[in-house]
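Chain by chain, the residues:
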Amino acid sequence: MTRIPDPWQPSETLATAIVNFLRQPMTLAVLASTGAHGAFFLGLPLVTGSNAPDLRTVNVVQLTPEEQAKLSGAVPQLPNQPTPRPT
């Protein structure tokens, strides 16, 4: 007679189950990918150089109507824009 294993009585210890789970190729691939991506994203600020300033100062230029007409084909006009007041 064949004995049916009892689901409430584990046939292997927890440590053996964990080791068997970690030996699976998919588990190794997921752990390796997670580690590689984590190292990449943690090291990214070191490679890009975090000494760059966060803000830049730019000058605002007011265009004449003639200059704006030259750009009409390149820049789409947005409707209902308020006219800026000179400061």
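Residues numbered from 1 in each chain as written. Predicted model: local features only at pLDDT ≥ 70, side-chain atom pairs only at ≥ 80, totals over all residues. Heavy atoms only, no water.

A. Main features of the overall build of the chain. Counting its secondary structure elements, the chain contains three helices and zero strands. Ordered by position from the N terminus, the helices and strands of the chain form the series α-α-α. Here the chain, with 87 residues, has 1% of them falling under the buried criterion. Approximately 9,100 Å² of the chain is accessible, and the part contributed by carbon and sulfur atoms is 64%. (Helix = DSSP H or I, 4+ residues; strand = E, 2+ residues; numbered from the N terminus. Buried < 20%, exposed > 50% of the residue type's maximum accessible area, 1.4 Å probe, protein only. Areas by Shrake-Rupley, 256 points an atom, 1.4 Å probe, with all protein chains shown as cover.)

B. Spotlight on the packing of aromatic side chains. All chains considered together, the criterion is met by one aromatic pair. Geometrically, the ring pair formed by Phe 40 and Phe 41 is edge-to-face, given 5.2 Å between the ring centres and 70 degrees between the ring planes. (Phe/Tyr/Trp six-rings, centres within 6.5 Å; stacked < 30°, edge-to-face > 60°.)

C. Summary view of a nonpolar patch on the surface. Residues Leu 14, Ile 18, Phe 21, Leu 22 and Leu 31 make up a contiguous nonpolar surface patch of about 520 Å² in total accessible area. In terms of residues, the nonpolar patch owes the most to one element, helix α1 (residues 14-22), which gives four residues. Mapped onto the elements of the fold, Ile 18 is located in helix α1. What makes Ile 18 partly exposed here is its relative accessible area of 42%. (Patch = residues over 30% accessible without salt bridge, like charges linked within 9 Å, V, L, I, M, F, W, Y side chains within 5 Å. Salt bridge = Lys/Arg side-chain N within 4 Å of Asp/Glu carboxyl O.)

D. Just helix α2 (residues 25-48), in detail. Taking 1.5 Å of rise per residue, the 24 residues of α2 would be expected to cover 34 Å, and the 34 Å separating its terminal C-alpha atoms lies within 8% of that figure. Leu 42 marks where α2 bends most, by close to 35 degrees; the proline Pro 45 follows one to four residues later. (Expected span 1.5 Å × (residues − 1). Bend = angle between axes of the 7 residues up to and from the residue.)

E. Structural detail: the side chain of Thr 27. Mapped onto the elements of the fold, Thr 27 is located in helix α2. Owing to a relative accessible area of 12%, Thr 27 belongs among the buried residues under this scheme. Here the side chain of Thr 27 touches Phe 21 through a polar contact of 3.0 Å, landing on its backbone oxygen. Each residue touching Thr 27, except ones within four places of it in the same chain, is listed here: Phe 21 and Leu 22. (Polar contact = N/O pair within 3.5 Å; in protein donor to acceptor, adjacent residues only side chain to side chain. Contact = heavy atoms within 4.5 Å.)

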